[in-house]
Amino acid sequence: MTGTCISAGSPCKTPEKLYVEVAGTGAHSGYGLILEKKGELISTLSMEQRQWHQRYECGYEVNAADRFNHTLTLTIEKEQGGILRLPLLDRPHPSRLSARTQPNLLFPIYPLAEMPNVNGESGHALLRPGYLYVFWKGILWRELQNDENGKLRDVDLGSYRELAKNEGTLAADVRQPVGKLLDTLWVPARLQSVGDPSWTIGDIEVAWSEEQWSWSYIESLESGQEIVQLPASYREMTGIPSYGKPQPQVINERRKARCVSLEMLGNYEYRRRFGPDKRSGRGWLSFQDVGTCRRRDPSREKEASNPTIVAQALEGNGLDNNNTLLQDIRYELERMEGFACKAEETLEFAGGLAGWVDELLGEDWRAQFASERDTPTENTANDKSEIARSDLLLEVRQRLQAGTSDKDQVAHLRTRHIPAILLPDVLFELEWLTAQTTLHLTYLSTIAQAAQGHPHFKSAMLVHSAIFDHKGYERGPFDDYKYAVDTTKLDVALRKGDREVCREKCYELIQRRITLLEDRAIPVFKDLFELNGLRQPIALATFNTLFTHLETSVFQFDPLVSKVEREKEAYRDHAGAEFIKRISLGKEGLSVFFKIDSDTSNDQVATGDEIGDGSGQPRPGLLKWLQTLQIEKGDLPKALQEQYELSEWEREKVYDNIKKMGDPDLLEWGAASYTTMGQLMADLSSELY
């Protein structure tokens, strides 16, 4: 950090100006700085572009007593006219022009998404559309909506704070942005009121969420422990007492677990600032190190081995070459074309081998593996497996088609000399890990199926089972034949190496998902489980998808795996199922979202006004209320509408069966109480509660 400012003016002359430095180059449309006195505009600071920074200044000739009535304020233009006022500093100190950095300092920053780690490196991309939350000294200072192009728009937090005070927190749950589109996010880095300038960049915490937080959840993250250090008008706006809230340390820990601190930007110094000689640091990037950033396409990114490549491929070709397992799946499926039709060609060869195997192992081997009646014929060419193969191949080819081209959405920022901060997107990483697990399991199944096309497949299975499928210390009846077998050719026939690599990757992906769910995902899930009203089921819908294949055995997709390998890999194969078991027993952090006190639940009245307390714990009254609703699909958030349609179809089928039963009491219940929303809640929560 920069030390004491060195004045360029006479030390004998009383300072008569106010200086503010804003890092970076180029005008920041939509922003301004003003000096106010008791809420009235006194002066608008003028801007002069300097090397790698901008200098704002205005006349400020006041005595010590009058200075107490002045406030330095950041302004943001509204889209429909007018400005949003964000007070920065009460009693700003007049200062002389510094030859280094000015005592009052603001950083324009640009938020990017941190992409999943691949081969030891984490990439970056535009944030998915969502919301940014900027806390300053433990209080929410700004809320911004970010769109698909990377532009930002401010929410008028002051008006919603007033609305929450007058009408309750539920009234402020949906907040519309009103600010003009912005390219950057300004935050205070250092301010001077009394004495030496004080760094405040470490007091800035930023979080991103794909869903807008409920107001009750925001309040649960505001401690107010340092609220006395904020401008008076802002303290009045929050309504938080000057001494803060009870148990501020607990609240601070909850917020810090969810947010990223900007303390890593505190090494700003006047020689380099954020200019071309400034190197990227931990948690932030110089824009000369930022790759191209196209608009996000999460569905394609999840199919990529390295999603960053897709997020940065302007021509839409990010799934080319070796960046997706879909290419390998397509290759295997194309090789299998006509496999059933070629079965007759291998019939004679297989028949000759059968005689030798009968002599070697005895005729009872057929009962374990394949009998003569199992031998494929020409009629199998049109069976269901061929239809399934064709359908899967068509789906894979469609997914591999190039995406649309796009421009670099951050090209205009590359010469601005500002930092880009990296914000984790834990839910996307979990979705990517889930999708990659599904792809690898599909590939594993495809390999196992394709291996059966080898002309020596059945004999290879028999030889491997009889001679090699037992533990090393066990003596097998055919051990004397081991050294007569070419194990390399045997492994090739069974695709042993390919299957082992694929199973290993599946275990790795599942373990990465478990590790995320055990730790970093818990604060993020609170965003969702703290949603109120009709938005609350989004939490369950999101949670369900992230548990796909966790309980599934990898061996279901590799029927060729040997008994020895099953035993050796059993611990890793059961890891997902054991994790879910621990959640159900209340032994994991995620258990808090599903543990319901049965006594309290039975007495709870159904109500849509039950709000969260910041913990994410279930709210029985809200859950009961949701189950009884009769609403239209359009009344639900978009994230739930597709699932609602499926539940509606399911309810209709069940109701038709109730009619056929002819039970008048059951029919009356179905007509009065069995709602599509109730079916939706049952579908979403059946495996979790």
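Procedures and definitions
- Residues numbered from 1 in each chain as written.
- Predicted model: local features only at pLDDT ≥ 70, side-chain atom pairs only at ≥ 80, totals over all residues.
- Heavy atoms only, no water.
- Helix = DSSP H or I, 4+ residues; strand = E, 2+ residues; numbered from the N terminus.
- Buried < 20%, exposed > 50% of the residue type's maximum accessible area, 1.4 Å probe, protein only.
- Expected span 1.5 Å × (residues − 1).
- Pairing = 2+ DSSP bridges.
- Core = buried A, V, L, I, M, F, W, Y, C linked by side-chain atoms within 4.5 Å.
- Contact = heavy atoms within 4.5 Å.
- Phe/Tyr/Trp six-rings, centres within 6.5 Å; stacked < 30°, edge-to-face > 60°.
- Salt bridge = Lys/Arg side-chain N within 4 Å of Asp/Glu carboxyl O.
- Axes fitted to C-alpha atoms, helices over the stretch in contact; angles between N-to-C directions.
- Parallel < 35°, antiparallel > 145°, perpendicular 65-115°, else oblique.
- Nonpolar A, V, L, I, M, F, W, Y, C, P; charged D, E, K, R; others polar.

K.L.:
Which residues make up the overall build of the protein chain, and what are the values?
P.N.:
Assigned secondary structure in the protein chain consists of 23 helices and 18 strands. Counting every position in the protein chain, which comprises 689 residues, the buried fraction comes to 50%.

K.L.:
Kindly report on helix 11 (residues 426–451), identifying the contributing residues and their values.
P.N.:
Over its 26 residues, helix 11 extends 37 Å from the first C-alpha to the last, a length consistent with the 38 Å expected when each residue adds 1.5 Å. Extensive coverage of helix 11 is indicated by the burial of 21 of its 26 residues.

K.L.:
Any details on the pairing of strand 11 (residues 139–146)? Residues and values, ideally.
P.N.:
The element strand 11 is extensively covered by neighbouring structure, given that seven of its eight residues are classed as buried. Sheet topology places strand 10 (residues 130–136) next to strand 11; seven bridges connect them, and they run antiparallel. Residue pairing across strands places Val134 opposite Arg142, the latter belonging to strand 11. Counting the residues that bridge the hairpin from strand 10 to strand 11 gives two residues, and of these Lys137 lies at a positive phi of roughly 55°. Sheet topology places strand 11 next to strand 12 (residues 152–154); three bridges connect them, and they run antiparallel. Across the sheet, Gln145 pairs through a bridge with Arg153, a residue of strand 12.

K.L.:
Summarise the nonpolar core; cite the residues concerned and give the values.
P.N.:
Counting residues in each nonpolar core, the largest one holds 55 residues, and the members touching the most others are Leu33, Phe107, Val187, Leu262 and Leu265. Beyond its immediate sequence surroundings of up to four residues, Leu33 is in contact with Val20, Val22, Thr44, Leu45, Tyr56, Thr73, Leu74, Thr75, Leu88, Leu106 and Trp186.

K.L.:
I'd like to hear about the packing of aromatic side chains, residue by residue, with values.
P.N.:
Tallied over the entire structure, the rule returns 21 aromatic pairs. Measuring from ring centre to ring centre gives 5.5 Å for Trp136 and Trp141, while their planes differ by 75°; the resulting arrangement is edge-to-face. Judged by centre distance (4.5 Å) and plane angle (5°), the ring pair of Phe529 and Phe593 falls under stacked. Note that Phe529 is positioned in helix 15 (residues 521–529) and Phe593 in the loop between helix 18 (575–584) and helix 19 (598–603), a separation of 64 residues in sequence.

K.L.:
Can you explain the pattern of salt bridges? Please cite residues and give values.
P.N.:
Applying the stated rule across the entire model yields 44 salt bridges. For the salt bridge of Glu21 with Arg273, the shortest nitrogen-to-oxygen distance reads 2.8 Å. Of this pair, Glu21 sits in strand 1 (residues 17–23) while Arg273 sits in the loop between strand 16 (260–261) and strand 17 (284–286), placing them 252 residues apart in sequence. There is no split in this pair, since Glu21 and Arg273 are both buried. Within this structure, Lys496, Arg499, Glu500, Arg503, Asp558, Glu565 and Glu569 form a network of salt bridges that share partners.

K.L.:
Give me the lowdown on the sheet that holds strand 15 (residues 204–209), citing residues and values where you can.
P.N.:
One open sheet holds the five strands; their spatial order is 12-11-10-15-16, and the pairing between them is antiparallel. In the strand order of this sheet, the two ends are held by strand 12 and strand 16, each with one partner. Across two bridges, strand 15 lies against strand 16 in antiparallel orientation. Looking across to strand 16, one finds that Val206 is bridged to Val260.

K.L.:
Which residues make up the packing of helix 20 (residues 620–627) against helix 23 (residues 676–685), and what values do they have?
P.N.:
In the contact formed by helix 20 and helix 23, the axes pass within 7 Å of each other and the chain directions differ by 130°. Between helix 20 and helix 23, the crossing angle belongs to the class labelled oblique. Contact residues: helix 20 offers Leu623, Leu626 and Gln627, while helix 23 offers Met677, Gly678 and Met681. Residue composition of the contact of helix 20 with helix 23, by class: four nonpolar, two polar and no charged.

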